[in-house]
Every structure is written in structure tokens, then in C-alpha cells.
Amino acid sequence: MVKVFKFGGASVNSVERVKNVAAILQQYQNQQLLVVISAMGKTTNALEKVAEAFYQQKKEEALQLFEQVKQQHLTTAKYLLVTHYLACEAQLKDFFTEVEWLLHDQPVREYDYYYDQIVCSGELMSTAIVSQYLNEAGIRNEWMDVRDIIRTDDNFRDANIDWDFTQAKVNELIRPALEEGYLVLTQGFIGSTDENESTTLGREGSDYTAAVFSNMLDAESQTIWKDVESVMNADPKEIADAVSIPELNYTEVIEMAYYGAQVIHPKTIKPLQNKSIPLFVKCFLNKDLPGTHIHNNIVKQLPPIIVIKRNQVMVELKSKDFSFIGEHNTEILYGLFEKLFITPTLTQNGAISITYAFDNREEKISQFAAEASQNFDVQVTPGLTLLTIRHYNEASLKKYAEEKQFLVRQQTVHNMRLLYKEQG
């Protein structure tokens, strides 16, 4: 049975951490293992700046920014590798050339296209370095360019996978390598169109890539290795006494993500849930910690789960002629959501009004308010916080919700939600 591992950028953001990944993988050498790895550390952010400079036709700035990314990767390779450095350098230079060839051109297509061609290089560079280090450490592996396997449409920055084509490639390329005893190492987050143009798969794309492969390989399990000990009931940066959750089910994880918890993206859960493949969240800093086990069964007695979303904006819409808010009105609004690629974080319906909360993406919210004002009286209130307490009890309500000067309050059997302005 195949296991699928995914290591995020934080797990490979230094020489020591790449060595740590190798130490973890060393223990699984006798198993069929597919490993998906993200770009190193803050590489994606750095490459986004390259893409922005290029698109603004600041060619020299784009080349200079990309030079910094190149040097960081070459330096990491130099400190990690001895016998395999030259092979790694040659592979890296191929990826550098791919990007630089584009940077010497003029932008004539939409930004998202160039974003994908540039940003995808981060995953290719990190996996090349890790693969060569594993070879040097005696861990036999086969590096694969995921763009040869995952076929997508040309919806750049949020591409959709062609499942039939990709499944055929998994059977043709990945299965034989695993059966021959190789650890297969590949990239998350990226794919390719039928015209060999690089694409990216949207938010949390690397977790999703791992889930797609888990599904297509009928994997025994998928493990996401993170720098936290497990899934927690709150962000420990926000809530000092956050606790580990040893066990969750797919539905709970999707609910948590829907309310804004930085856990596993719902897109990742579907391919796993469809085949009842268990998901483990483990800590790469201490592999012996139990982590969190996510599965298809009922889980009881969960602690209150606290999600805090800051920088929210409330948009209140009231019908201009005092007519009821009906299907026609909501159809107009949902058409705007689709057009502007925005999703409400909270919805509250009244008879002649409807209230939404959104993440405050100022340009999009301004456009939404302007267009909605053709049909509604619109009021916009920025600078708000949205608190969700899932599986609340008296103690958690008293601790986190009491004395909040809320503008909207929603309460169901499972969830308490408050939209409020921070004091002070």
C-alpha cells in the first residue's frame, strides 16, 4: 500500500530542515512512498514580487528580484551537497532559464498567466535540491516533474484538474516507479495545460495535489507534515491556552475551514473522503508526537473550536422601495459575488434587508458596494472582527463572547458567531 506525504515550505526552509526531512523519510525506505514538497520558506512570496515587477514592465527589477531567489537556492544547494552539487546546479539552471527567458519578454497576456509561469519555479527548485540531497544521503528516489502528470485547464491561478488524463499518467509514470521500490518525489500546487503552459491549483494547492495522488493511488493514508504539533482548537498565536485535537472527521475539518480556521482546505478533503483515505497531521519538528487523525467516522466530545477573523467589513443592503428581499435580489447579489470572486464570511437575512461580512479586500468591496447600490441602499462598515465558537459551552461563551459590542450575533445548536468592533 502507498503512503502519501506532503511537506510544506517551512519544513524545507533551511539546510537543517532539509536534513530533518531526510531523517523522517529514512524510516520509510521499505514502503511505497510518494512525497509532495512545496517551495522553500518564503519563495512563493518572493516570486510573486518578480511576477508583479515583470507585469508592470519593470524588467530590470524583475530580473534583480529573481537573481536573489536564484542565489538563495544555489547557496542552500552548496551547503547541503557535495557529490551531487553539480547535478543539482545543472537542474536548477534549467529552471532559472525557463523563468529568465520569459522575463526578457514583454507581457501581452493577462497577469494570472505570467504569475503561474513564474511562481511554479519555486516548487521545481525546492524538490530538485531535496531529491539530490536524498540521493546523497542514500535514500533512493525518483524526481518527477508534476507538470508531466497533472493536466489542467487554462484557468490560471485556480486551475481545474483533468482527472481522466491525470489518472492515466499516474498509472503510466508513478505506479511503476513505486513498484520498483523508488520513493517518488514531486511538486505540489502546480500542473500544466495541454499546451505545456504551467498552471497553479489555487489556495492550499500542495495539500490538494497530495490528496489527488492519494485518491488516484488508492493510498493507505496521507500525512501532512507541519510545524505545529497537531490541529489545534484555536490559533495559538491568538489563544494562549489552545489545545491539541487528537481526532477529527472530514465534516468537522470542512466546517472549521469554512469558518476561517487555518486547517486543511475543503478542496483537499473531497478526494480523501471519496475513498475513505485517512489523513494525518504530524509535526516535522517532533515526528514522535501523535498529531491529529482525520477520518470518516463520528467524533464525540470535541473542545470548543475558536476562530477569529480580523479585518472584516460589513455591508448592509436595504431594498430601496421597501419590497421584500426575495430571489430576484439575492440572484443579483450572488451574480456580483461570482463576478468579483468574493465570498461572504457571514450572511444575515431580514425582511427588507440583507447583511454580509467579507474579508476586507478594499478594491473588490468598493466595486461590490458601487454595483449593488444600483438596486439597494448600501452601508459599509470596515474594521470589524468575526468570532466563531463551534461546539460552544457556557465557559467558552463567558470567556470569549461576553461583553463584546456586537453588530451581528448568530447562534445555532453548534455555533455562536459574533461580528464586532474591537474595543480601544
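Residues numbered from 1 in each chain as written. Predicted model: local features only at pLDDT ≥ 70, side-chain atom pairs only at ≥ 80, totals over all residues. Heavy atoms only, no water.

**Comments concerning helix 8 (residues 205-216)**
Working note: α-helix, 3.6 residues per turn, so residues spaced by three or four point in the same direction.
Logical step 1: Here helix 8 contains twelve residues, and its C-alpha end-to-end distance of 16 Å stays within 8% of the 16 Å for a straight helix at 1.5 Å per residue.
Logical step 2: Counting buried residues in helix 8 gives twelve out of twelve residues, a clear majority hidden from the surface.
Logical step 3: For helix 8, every residue scored as buried is listed here: G205, S206, D207, Y208, T209, A210, A211, V212, F213, S214, N215 and M216.
Logical step 4: The positive-phi residue at the C-terminal boundary of helix 8 is D218, with phi of around 50 degrees. (Helix = DSSP H or I, 4+ residues; strand = E, 2+ residues; numbered from the N terminus. Expected span 1.5 Å × (residues − 1). Buried < 20%, exposed > 50% of the residue type's maximum accessible area, 1.4 Å probe, protein only.)

**Notes on the pairing of strand 9 (residues 279-283)**
Regular strands show a simple pattern: their side chains alternate between the two faces of the sheet.
Logical step 1: Where burial is concerned, most of strand 9 is hidden: four out of the five residues are buried.
Logical step 2: Summarising the sheet, strand 7 (residues 221-226) and strand 9 pair through five bridges and their orientation is parallel. Counted as the bridge partner of I224 is V281 from strand 9.
Logical step 3: Relative to strand 10 (residues 292-295), strand 9 is paired through three bridges, and the arrangement is antiparallel. Bridging across to strand 10, L279 finds its partner in I294. (Pairing = 2+ DSSP bridges.)

**Regarding the pattern of salt bridges**
Logical step 1: Applying the stated criterion across every chain yields a total of 21 salt bridges.
Logical step 2: Of the charged contacts in the structure, one is a salt bridge between D145 and R147, with a shortest N-O distance of 2.9 Å. Here the two residues D145 and R147 agree in accessibility, since each one is buried.
Logical step 3: A salt bridge links D218 to K275, with the nearest nitrogen and oxygen atoms 2.8 Å apart. Placement of D218 in the loop between helix 8 and strand 7 and of K275 in the loop between helix 10 (266-273) and strand 9 is noted, with a sequence separation of 57 residues between them. (Salt bridge = Lys/Arg side-chain N within 4 Å of Asp/Glu carboxyl O.)

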